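Topology and contacts: notes
Listed here are the chains, written in short residue letters.
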Amino acid sequence: MPPSALPSAAQQSALDAALDAHRNRPGALLPMLHALQDALGWIPPACVPPLAQALNLSRAEVEGVIGFYPHFHRRPTGLLVQVCRAEACQAQGGRALEAHARTRLGLDWHQTRPDGQLTLEPVFCLGNCACGPSVRIGDQLFGRMTPARFDACLAEALPPEVAP
């Protein structure tokens, strides 16, 4: 592996912790990927080869799992703003909310602001169908979302210097 492809010190530390915590578990790949995602906010490409080697998997197998689950990110993200696009939320005004979120944040789906502070993502169910449309900002779930409430929730979740 070329030196530029080696994990950074922080990435190596998170990788070592994930390996130590989950190496002997059956089906260890998913818990390890979750641990990396939780620690770093994304799965750095440099962590894939050592992870694959530790689990006796191919890089393609690890990449396939990362690519299959939308929870895992292949690049750094900011505070995640997720707007549900499932049918139940669509039926309750989700399309207007989607348009408002994209305009308000100045982002399209899967984009991160240039300052790295916010990332906008579509999701296809937040499990809050009876209270649609739903949004998750960071780890907080909000239902019965309106454009005005979206703005208020976003302002509450962000420090003033980060607000869009």
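Presented here is a report on the structure given in the accompanying data block. (Residues numbered from 1 in each chain as written. Predicted model: local features only at pLDDT ≥ 70, side-chain atom pairs only at ≥ 80, totals over all residues. Heavy atoms only, no water.)

Here we look at a nonpolar patch on the surface
Residues L30, F68 and Y69 make up a contiguous nonpolar surface patch of roughly 300 Å² in combined accessible area. On the secondary structure map, L30 appears in helix α2 (residues 29–40). (Patch = residues over 30% accessible without salt bridge, like charges linked within 9 Å, V, L, I, M, F, W, Y side chains within 5 Å. Areas by Shrake-Rupley, 256 points an atom, 1.4 Å probe, with all protein chains shown as cover. Salt bridge = Lys/Arg side-chain N within 4 Å of Asp/Glu carboxyl O. Helix = DSSP H or I, 4+ residues; strand = E, 2+ residues; numbered from the N terminus.)

Side note on the layout of surface pockets
Its volume calculated, the largest pocket comes out at about 690 Å³. Lining the largest pocket are 30 residues, with P70, H71, H73, L80 and E121 positioned closest to its centre. For the lining of the largest pocket, the elements supplying multiple residues, two or more each, are α2, α4 (59–68), β1 (79–84) and β3 (118–123). Broken down by element, the lining of the largest pocket gets its largest block of residues, four residues, from β3. A per-class count over the lining of the largest pocket returns twelve nonpolar, twelve polar and six charged. (1 Å grid on protein atoms, 1.4 Å probe; cavity = no way out; pocket = protein on both sides within 12 Å on 5 of 7 lines; lining within 4 Å. Points joined across faces, edges and corners; volume = space filled by probe spheres on them. Nonpolar A, V, L, I, M, F, W, Y, C, P; charged D, E, K, R; others polar.)

Quick notes on the sheet that holds β1
Pairing is mixed across the open sheet formed by five strands, whose spatial order is β2-β3-β1-β4-β5. The open sheet has two edge strands, β2 (111–112) and β5 (140–142), and neither has a second partner. For β2 and β3, the ladder comprises two bridges, and the chain directions are antiparallel. In the sheet register, T112 faces β3, and the bridge partner there is T119. Lying on the sheet, helix α6 (residues 94–105) is in contact with β1, β3 and β4 (135–137); it crosses β1 at an angle near 155°. (Pairing = 2+ DSSP bridges. Contact = heavy atoms within 4.5 Å. Axes fitted to C-alpha atoms, helices over the stretch in contact; angles between N-to-C directions.)

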